[in-house]
Amino acid sequence: MVTRMKSNSHTEDKNIPLKKIEKALVGTRFKEFKHIEETGSTNVDLVLRASEAPDDLILVSDHQTAGKGRLGREWNSPKGLNLLCSFLLTSKWTKNKNPLVTSSLALGVVKYLSTIDVFALVKWPNDIVIPERKGKKISGILAEQVEGDIERIVVGMGLNISWPSSSGEGPPDAISLKMLDVTLDRWTVLAGIIENFEKQLKRLEQSNGSVTLRQDHVANSATIGNQVRVETANNIIVGSAEDITEEGLLVVNDGNQDLYISVGDVVNLRKKN
Ligand code: BTN
């Protein structure tokens, strides 16, 4: 089902190719696609509405007034230029795999981008970066657990389609498809990501899902093999990024020992020799 939600802002959604989105949903777990012109945050909306939404669904907004990034940061994007969406998921996997939903979406995005000849990698834990453009960030992902009787997760993604349009615009480390000379609309990109995310989720559900996902994450990582500085809540770790575990933890060797990091910000210092 495809729904357009009401909001106070001027309607623009007549341009959404609903047939294309409906087609992309076929065979996936997502029973509904909702579009809203403006909201605070698509992640917050889905977390709040999860109890009334029996099925897995996708919410896209043209604009967010309080878009959330990781670690309490903001995610800002001008109206209608980028893909701002959240997926509501019902867990069909064991609880220990929940942190891997972020890597599943990240890999889905990387694999979709490869189909349009954009080479991207996953910068641990949740950034999609373009190595050939000095590791600039094209997409960020934020997963949130929903409190309730059944296990549900909201995972949101911001993907820069048309903004920034040049290096003088937006955050200095940001890049968009437009800056890579790719001119695709948000809906075509969304349709491709739905298909690729679904494949990753199906894999996550398999008994060896964490094993193969880990392998794929390492193979598509912009972090592993680098000297890194990782800022955690109470520490700064400098060392060599060695591995990602089946639980999604980053393993950094600081010269003395392997440290297992669940939350942190990574700065790539240099490629390991
Ligand atoms: C990050 O890189 O810090 C994660 C950014 C996640 C942004 C997306 S935009 C759609 C969804 N709604 C939000 O409020 N945040 C996510």
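This report concerns the structure included in the present document. Treat the numbers as computed from the prediction; the structure is a model and nothing was measured.

**Observations regarding helix 5 (residues 209-219)**
- Restricting attention to buried positions, one finds in helix 5 the residues Gly-209, Ser-210, Leu-213, Asp-216 and His-217. All buried residues of helix 5 lie within an arc of 130 degrees about the axis, which places them on one face of the element.
- Residues of helix 5 that are buried make contact with helix 3 (100-115), strand 5 (121-123), helix 4 (186-205) and strand 10 (235-244).

**Description of the site of the ligand**
- The environment of the ligand is made up of 20 residues, and the closest members are Ser-41, Gln-64, Lys-68, Arg-70 and Lys-137.
- The side chain of Lys-137 places a nitrogen or oxygen atom 2.6 Å from an oxygen atom of the ligand.
- Contributing elements (two or more residues each) for the shell around the ligand: helix 2 (42-49), strand 4 (83-90), strand 7 (136-146) and strand 8 (152-159).
- Broken down by element, the residue count for the shell around the ligand peaks at four residues, all from strand 7.
- Taken together, the residues of the shell around the ligand sort by class into five nonpolar, eleven polar and four charged.

**Thoughts on a nonpolar patch on the surface**
- Together, Ile-236, Val-238, Val-267 and Leu-269 make up an exposed nonpolar region whose accessible area comes to about 320 Å².
- Elements supplying a minimum of two residues to the nonpolar patch: strand 10 and strand 13 (265-271).
- Structurally, Leu-269 can be placed in strand 13.

Calculation criteria
Just so you know, the residues in each chain are numbered from 1, in the order the chain's sequence is written. Only residues with pLDDT of 70 or above have their local features reported here, since the model is predicted, and side-chain atom pairs are shown and tallied only from 80 upward, although totals for entire chains, interfaces and linings are computed over all residues. As a rule here, side-chain values come from all non-hydrogen atoms in the structure, and water together with hydrogens is ignored. Here's how the labels work: a residue is buried when its accessible area is under 20% of the maximum for its type, exposed when over 50%, partly exposed in between, all with a 1.4 Å probe on protein chains only. Put simply, DSSP marks the helices as runs of H or I at least four residues long and the strands as runs of E at least two long, and each gets a number from the N terminus on. Note that the arc is defined by the directions from the helix axis to the C-beta atoms. Here, two residues are considered to be in contact whenever any of their heavy atoms come within 4.5 Å of each other. We call a residue near a molecule or strand as soon as one heavy atom of that residue lies within 4 Å of the molecule or strand. Polar contact is defined as a pair of N or O atoms within 3.5 Å, subject to the rule that within protein one atom must be able to donate a hydrogen and the other to accept it, and that residues adjacent in sequence are counted only when both atoms are side-chain atoms. Amino acids outside the nonpolar list (Ala, Val, Leu, Ile, Met, Phe, Trp, Tyr, Cys, Pro) and the charged list (Asp, Glu, Lys, Arg) are all regarded as polar, and Gly is one of them. Exposure above 30% relative accessible area and the absence of a salt bridge qualify a residue for a patch, where like charges join within 9 Å and nonpolar side chains (Val, Leu, Ile, Met, Phe, Trp, Tyr) within 5 Å. Calculation of accessible area relied on Shrake-Rupley with a 1.4 Å probe; when residues are assessed, cover is drawn exclusively from the protein chains displayed. Salt bridges are defined by distance alone: a side-chain nitrogen of Lys or Arg within 4 Å of a carboxyl oxygen of Asp or Glu.

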